[in-house]
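Examining the three-dimensional arrangement
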Amino acid sequence: MSVSLRDRHFWLVLLAGLGLGIFGVLLAVWGNPQNSGICVSCFIENSSGALGLHDNARMQYLRPELIGFVLGSVVCALGFREFRSRGGSAPMARLVSGLFLIVGSAVFIGCPIKLFLRLTAGDLSSLGGVAGLVAGVWIGLQGLARGVDLGRTREERGATGLLVPAGFVLLLIFLLARPAFILVSERGSAAQHAPLVVSLLVGLLLGALAQRSRFCVTGSVRDAILMGRRSPLFWGFLAFLIGALATGLLSGQFNFGLYGQPGAHLEHLWSFLGMLLVGWLSVLIGGCPFRQLVKAGEGDADAGMAVIGMFLGGGLVQSWGIAATASGVSLPGKMSVLLGLAFVLMVSLLFRERSA
Amino acid sequence: MLHDRFDQILAATLVLILAAGVFLLATAGPNQGPHAGAGNDRQLEREIVYQARLSFLQRRYGPVVELRDSGALQEALLKLEELGRDLPGEAHTDLLSGDILLRMGQFDRALIKLAGAVRRNGDYIDSGSPLNRRPLIESAVAEGMPLVRDRLRAQPDNRSLAMVLKDGYYLQSRLAGGCE
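Let us look at the structure shown here. Bear in mind the structure is a predicted one, so any value in this text is a computation, not a measurement.

1. A word on the overall build of chain A
- For chain A, the count of helices and strands is 14 helices and 2 strands.
- Taking 356 residues into account, the globule formula puts the C-alpha radius of gyration at 21 Å, and chain A, at 19 Å, falls close to it.
- Nonlocal contacts in chain A, meaning residues at least 24 apart in sequence, comprise 82% of its contacts between residues at least 6 apart.
- Accessible area of chain A: about 13400 Å², with a carbon and sulfur share of 68%.

Following this line, the structure appears as structure tokens:
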């Protein structure tokens, strides 16, 4: 191992990875849907529904974890004086990227965190997604190495970085005050949830840890490809996998096999392509859906644009039948993944700095 | 931050607007304005539609259930066929067909029908729903799947059996839970 054990950051990354793995399983034990203790894309689809952005009565619940991730990051960033309003790097491209992050995740049925939670729960149907994510990250890195860049993020006047955190404070008020316009499913997977206070506290803790450590699943894959064992994120990722696997085995959540897995389908090609899209986009915009939330909490308005795009995506994937189900991937789902790949290719062409 | 009079006017107006908002919230009655309670109405309307649907299903499919319970399975299937023409695409037709076919020992057809019902209406596997038929679907999967697998081993080219197996896996996956 070539990382320094005396490095405080290394231990923070390890703690963040371990926490994400352990609580990712425990939240499912405490009431969240099976293998979905933490799934940012599922949570966003649920929360979009609660806000009335789609009408699937089985997918409407304002997920407290999501609010916790952002506000935990805000509190931590403010406390350690790391909150900086910044932005201005291809905001529209980031907004649309956020939308397609949810499209890719919905076609696979899960964000990169859930991908590995499914894998560590013994779900072999997630292997196509793992291959897709790694391939997507690798392709994204090839693009970066050849000059694909959305442009520099700048310090921004006017505290624009506060807007998305303020939006999440409003969501917290909605969560606690429960106004009538916030919809709540009484049946379906959105009706399955851990107790509100537990979800919120876990979200706050993980948001704070992720902010301090910069831990992110896709970032770990990226760093593992680039630096191997020298990267602290690689070890954090390993801690995440071990934490999830051990907690799954101890809590009886482990079910090894390819068939009959919860919230999974058998269209491996589309699992691969959906996660390829997510991996590629994540490299391009600097992080997976979870990382976008945490960065938005640090005052990054560019990540905030991606978060807004993710909420729009959450509404669209349910309204247009894009989201896959256990019976497979719909035609709109397949077309949307292809459209997403076309989008990321176009962005790579248009945002490339070519040497003369 | 407040450099000149213009800044002060902006800040004072901001405070005023925020105070007005808090005042409005604090003093608003439960039913003010044309859209007041719209969310409540939506949730309530959804519940009413759901309850109406339950009683509609009970009324329309009641005779089929009676025939099934009295053991007249063929007659019940015929009655269902008749209902299926009146209510095309209704998941409950598939659910009851699956139930009856299972009682008749026709596991392949039962699995296809039950998978069709769950695809159209997830309430059939939802423990919290009045339409919950988990035990029925679990027993269809538990009894039917080993038989289908055995037959498929003997006839590996049988495409329709392969489709039945796929429906069985679908039901297994839905029964296992997870995000929809």
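2. Observations regarding the overall build of chain B
- If you tally the helices and strands in chain B, you get 7 helices and 0 strands.
- In terms of overall dimensions, chain B is more spread out than a globule: its C-alpha atoms have a radius of gyration of 27 Å, far above the 16 Å expected for 180 residues.
- Each of the three principal axes of chain B carries a C-alpha extent, and together these read 90 × 40 × 25 Å.
- With 180 residues in all, chain B has 38% of them scored as buried.
- The long-range share in chain B, meaning contacts at least 24 apart out of those at least 6 apart in sequence, stands at 55%.
- Just so you have it, chain B exposes about 10800 Å², and 58% of that area is on carbon and sulfur atoms.
- Within chain B, the 23 negative side-chain charges are centred at a point lying 4 Å from the centre of the 22 positive side-chain charges.

3. Points about unusual backbone geometry
All names here are of chain A.
- Phi at Ile 109 is positive, roughly 75 degrees, even though this residue is not glycine.
- Tracing the chain through its elements places Ile 109 in the loop between helix H4 (91-108) and helix H5 (112-120).
- Even without glycine at this site, Arg 178 takes up a positive phi of about 45 degrees.
- Relative to the elements of secondary structure, Arg 178 occurs in the loop between helix H7 (163-177) and helix H8 (196-213).

4. What to know about the packing of aromatic side chains
- In total, this model carries 11 aromatic pairs over all chains according to the counting rule given.
- Here the aromatic rings of Phe168(A) and Phe311(A) are separated by 6.1 Å at their centres, their planes lie at 70 degrees, and the arrangement is edge-to-face. Placement of Phe168(A) in helix H7 and of Phe311(A) in helix H13 (residues 301-319) is noted, with a sequence separation of 143 residues between them. When sorted by exposure, Phe168(A) lands in the same class as Phe311(A), which is buried.
- Between Phe237(A) and Phe240(A), the aromatic rings sit 6.2 Å apart at their centres with planes inclined by 35 degrees, giving tilted as the arrangement. Highlighted residues: Phe237(A) and Phe240(A), both in helix H10 (residues 232-250), separated by 3 residues, approximately one helical turn. With respect to class, Phe237(A) is no different from Phe240(A); both count as buried.
- Over the face of the ring belonging to Tyr50(B) we find Arg187(A), whose NZ or CZ atom lies 3.4 Å from the ring centre.
- Over the ring of Tyr170(B) we find Arg119(B), and its NZ or CZ is 4.4 Å from the ring centre.

5. Let's talk about the environment of Ser105(A)
Residues and elements named next belong to chain A.
- Inspection of the secondary structure puts Ser 105 in helix H4.
- Given a relative accessible area of 0%, Ser 105 falls into the buried group.
- Each C-alpha atom, one on Ser 105 and one on Val 40, is 9.2 Å from the other, the two residues being 65 residues apart in sequence.
- If we skip the residues at most four places from it in the chain, Ser 105 touches Ser 41, Gly 110, Cys 111, Met 275 and Val 278.
- A polar atom in the side chain of Ser 105 sits 2.8 Å from the backbone oxygen of Leu 101.

6. Some details on the packing of helix H4 (residues 91-103) of chain B against helix H5 (residues 107-120) of chain B
All names here are of chain B.
- Where H4 meets H5, the closest approach of the two axes is 8 Å, and the angle between their N-to-C directions is 155 degrees. Between H4 and H5, the angle falls in the class roughly antiparallel. Note on packing geometry: the crossing formed by H4 with H5 is left-handed. Along its contact with H4, which presents Ala 91, Asp 94, Leu 95, Ser 97, Gly 98, Asp 99, Leu 101 and Leu 102, the element H5 presents Phe 107, Arg 109, Ala 110, Lys 113, Leu 114, Gly 116, Ala 117 and Arg 120.
- In terms of residue class, the contact of H4 with H5 is made up of 8 nonpolar, 3 polar and 5 charged.

7. Re the interface of chain B and chain A
- Tallying the contact residues gives 22 residues for chain B and 31 residues for chain A.
- For the pair chain B and chain A, the two sides together bury roughly 2300 Å², of which 50% comes from carbon and sulfur.
- It is Arg46(B), Cys179(B) and Glu180(B) that lose the most area in chain B upon contact with chain A, and together they represent 31% of the buried surface on that side.
- Residue Asp126(B) pairs with Arg58(A) through a salt bridge whose shortest N-O separation is 3.6 Å.
- Counting across the chain B and chain A interface gives 7 residue pairs in polar contact (both at pLDDT 80 or more).
- Counting residues per element, the side of chain B that touches chain A draws most heavily on helix H2 (residues 38-69) of chain B, which supplies 7 residues.

8. Some remarks on the nonpolar core
- By size, the foremost hydrophobic cluster in this structure holds 94 residues, and its most contacted members are Leu20(A), Val40(A), Ile113(A), Phe168(A), Phe240(A), Phe290(A) and Leu293(A).
- Ignoring any residue separated from it by four or fewer positions in sequence, one finds Phe240(A) in contact with Gly17(A), Leu18(A), Leu20(A), Gly21(A), Ile113(A), Phe116(A), Leu117(A), Phe215(A) and Val217(A).
- Grouped together as the second largest cluster of nonpolar side chains are 42 residues, Ala76(B), Leu96(B), Phe107(B) and Leu165(B) included.

9. A word on the side chain of Gln261(A)
- Assignment of secondary structure puts Gln261(A) in the loop between H10 and helix H11 (268-285).
- Gln261(A) sits in the buried class, given a relative accessible area of 2%.
- Of note is the side chain of Gln261(A), whose polar atom sits 2.8 Å from the backbone oxygen of Asn255(A).
- Among the polar contacts listed, one links the side chain of Gln261(A) to the backbone oxygen of Gly257(A), at a separation of 2.9 Å.
- Filtering out sequence-adjacent residues up to four positions away, Gln261(A) remains in contact with Gly122(A), Asp123(A), Asn255(A), Phe256(A), Ser173(B) and Ala176(B).

Parameters and conventions
- Residues numbered from 1 in each chain as written.
- Chains lettered and ligands numbered in written order.
- Predicted model: local features only at pLDDT ≥ 70, side-chain atom pairs only at ≥ 80, totals over all residues.
- Heavy atoms only, no water.
- Helix = DSSP H or I, 4+ residues; strand = E, 2+ residues; numbered from the N terminus.
- Rg over C-alpha atoms; globule rule 2.2 N^0.38 Å.
- Contact = heavy atoms within 4.5 Å.
- Areas by Shrake-Rupley, 256 points an atom, 1.4 Å probe, with all protein chains shown as cover.
- Buried < 20%, exposed > 50% of the residue type's maximum accessible area, 1.4 Å probe, protein only.
- Lys, Arg positive; Asp, Glu negative; His and termini not counted.
- Charge placed at Lys NZ, Arg CZ, Asp CG, Glu CD.
- Phe/Tyr/Trp six-rings, centres within 6.5 Å; stacked < 30°, edge-to-face > 60°.
- Lys NZ or Arg CZ within 6 Å of the ring centre and 35° of its normal.
- Polar contact = N/O pair within 3.5 Å; in protein donor to acceptor, adjacent residues only side chain to side chain.
- Axes fitted to C-alpha atoms, helices over the stretch in contact; angles between N-to-C directions.
- Parallel < 35°, antiparallel > 145°, perpendicular 65-115°, else oblique.
- Left-handed = near helix turned anticlockwise from the far one by under 90°.
- Nonpolar A, V, L, I, M, F, W, Y, C, P; charged D, E, K, R; others polar.
- Buried area = accessible area lost by both parts, 1.4 Å probe.
- Salt bridge = Lys/Arg side-chain N within 4 Å of Asp/Glu carboxyl O.
- Core = buried A, V, L, I, M, F, W, Y, C linked by side-chain atoms within 4.5 Å.

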